[in-house]
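What follows is each chain in one-letter form.
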Amino acid sequence: MIYKIFFVLVLLLNTIFELFLKENKINTYQDIIIEKGMRLDEISSLLYENEIINNKNLFKLWVKLNLSEKNIMFGEYRFENKLSINSVFKKISKGEIFLRKLTIIEGWTKFNLYSKIKLLFPESNLKLEEMPTFIIADTYFFSITEGSEKLIENIKKKSAETADQLWKKRLIDSPLSNISEMFILSSIVEKETSINEERFKIAGVFYNRIDKGMKLQSDPTVVYALTQGKSKLERKLLRKDLKFKSKFNTYVNKGLPPEPICYPGLDSLK
């Protein structure tokens with residue numbers, strides 16, 4: 001009887017050690033993706049093959065004892081440092097997914113964003129013309145398993161919320177009629193200078209020109225008219241360029257271009 005009790009205690013202590021105390025060391029980090037619809041057997045094997053857990057059978061048992069087989073959340077997970085079976089279990093049952101970071105740099109065009117999206121999601125079906133027009137250059141976090149369409153949708157939503165807040169704080173005598181015009185003028189200011197103190201002066205100059213019905217005469221709009229934002233103009237603007245016929249050329253047309261020439265940052269929008 002004593003031997004049986006002793007055996008049970010040893011077994012229990014060993015199980016506790018395996019679950020909570022025995023740690024698997026990962027030198028840097030390990031990323032895995034738990035796909036939607038994966039079975040517990042597949043998840044356990046995935047964790048074991050990537051050396052995140054050292055006992056897949058005990059992991060499966062622990063998940064079942066916690067009645068959490070259906071609670072494991074799909075997504076991308078990053079595992080770092082020392083890991084016990086229980087800590088791995090908690091991470092994926094709580095859905096502590098790894099969020100990647102996309103930084104849209106001030107002055108990026110639709111072409112720049114499209115190129116970045118294709119790098120992140122090589123199999124994406126999104127096209128260049130589907131890139132959003134009115135978004136803010138900022139840092140956005142996303143899960144790689146959500147896909148490119150969801151990422152763009154979230155960027156548009158967050159940008160719209162922030163733009164709406166900024167628009168409500170506008171000056172009463174602003175010559176701009178709506179949020180779209182705010183984005184358009186901000187994009188021109190963004191391309192005119194990267195120095196924050198200069199943005200206010202440049203915006204003021206353009207405000208005055210709009211009030212007086214003058215042409216904005218902004219060089220960046222000419223550059224955009226020539227390149228469509230797909231590349232840099234590897235030369236200085238020529239006098240003849242200022243006469244280039246385009247709806248974006250503010251030397252030829254009065255008022256604002258039909259849409260932004262780049263993605264502005266928060267400072268330019270302010």
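Relevant structure appears above.
Visitor: Help me understand the overall build of the protein in this model?
Guide: Within the protein one finds 10 helices and 4 strands. When the helices and strands of the protein are listed from N to C terminus, the series reads α-β-α-α-β-α-β-α-β-α-α-α-α-α. For 270 residues, the compact-globule estimate of 2.2 N^0.38 gives 18 Å, and the protein exceeds it by more than 25% at 28 Å. Reported as C-alpha extents along the three principal axes, the dimensions of the protein are approximately 100 × 40 × 30 Å. Split into buried and exposed, the 270 residues of the protein put 37% on the buried side. Counting contacts in the protein only where the partners sit at least 6 residues apart, residues at least 24 apart contribute 63% of the total. About 16800 Å² of surface is accessible on the protein, with carbon and sulfur atoms providing 53% of the total. Looking at charge distribution, the protein has the averaged site of its 44 positive side-chain charges lying 2 Å from that of its 34 negative ones.

Visitor: Is there a simple way to think about the pattern of salt bridges in this case?
Guide: Where charged atoms of side chains with opposite charge meet at close range, the side chains can pair. The tally for this structure, following the rule as stated, stands at 9 salt bridges. Across the pair E259 and K110 runs a salt bridge, and its minimum N-O distance is 3.7 Å. Here the residue E259 occupies a position in the loop between α9 (219–227) and α10 (266–269), and K110 occupies one in helix α5 (residues 110–120), the gap between them amounting to 149 residues. For E259, a relative accessible area of 24% translates into the label partly exposed. On the basis of relative accessibility, which here comes to 22%, the residue K110 falls in the partly exposed class. K150 is paired through a salt bridge with E153; the nearest N and O atoms lie 4.0 Å apart. Placement of the pair is K150 and E153 together in helix α6 (residues 148–168), with a separation of 3 residues, close to one helical turn. On the basis of relative accessibility, which here comes to 33%, the residue K150 falls in the partly exposed class.

Visitor: Could you clarify how one ought to interpret the packing of α6 against helix α7 (residues 179–192) in this entry?
Guide: Geometry of a packed helix pair, given as the angle between the helix axes and the separation of the axes. Running from N to C, α6 and α7 point in directions that differ by 95°, and their axes come no closer than 10 Å. Our classification of the angle between α6 and α7 gives roughly perpendicular. For the pair formed by α6 and α7, the contact residues are A163, D164 and W167 on the first element and I179, M182 and F183 on the second. In the contact of α6 with α7, the residues fall into 5 nonpolar, no polar and 1 charged.

About the criteria used
Residue positions are given per chain, counting from 1 as you read along its sequence in written order. Where totals are concerned, whole chains, interfaces and linings use all residues; where local detail is concerned, this predicted model gives features only for residues with pLDDT of at least 70, and gives and counts side-chain atom pairs only at 80 or more. To obtain the side-chain values, all non-hydrogen atoms of the structure were used and water was disregarded. A run of H or I in DSSP counts as a helix once it spans at least four residues, and a run of E counts as a strand once it spans at least two, with each numbered from the N terminus. Only C-alpha atoms enter the radius of gyration; for comparison, a globular chain is expected to reach 2.2 Å times N to the power 0.38, where N is the number of residues. Three labels apply to residues, based on accessible area from a 1.4 Å probe with only protein chains included: buried if under 20% of the type maximum, exposed if over 50%, partly exposed otherwise in between. The contact criterion used is simple: two residues touch if any of their non-hydrogen atoms lie within 4.5 Å. Each accessible area value is a Shrake-Rupley result obtained with a 1.4 Å probe; residue values ignore everything except the protein chains displayed when judging cover. Counted as positive: Lys and Arg. Counted as negative: Asp and Glu, with His and the chain ends omitted from the count. For charged residues, the charge sits on one atom: NZ in Lys, CZ in Arg, CG in Asp, CD in Glu. A pairing counts as a salt bridge when a side-chain nitrogen of Lys or Arg comes within 4 Å of a carboxyl oxygen of Asp or Glu. Note on geometry: axes are C-alpha line fits, over the in-contact stretch for helices, and angles between N-to-C directions span 0 to 180 degrees. Working rule for angles: under 35 degrees goes down as roughly parallel, over 145 as roughly antiparallel, 65 to 115 as roughly perpendicular, anything else as oblique. By the convention adopted, Pro, Cys, Tyr, Trp, Phe, Met, Ile, Leu, Val and Ala count as nonpolar, Lys, Arg, Asp and Glu as charged, and the other residues, Gly among them, as polar.

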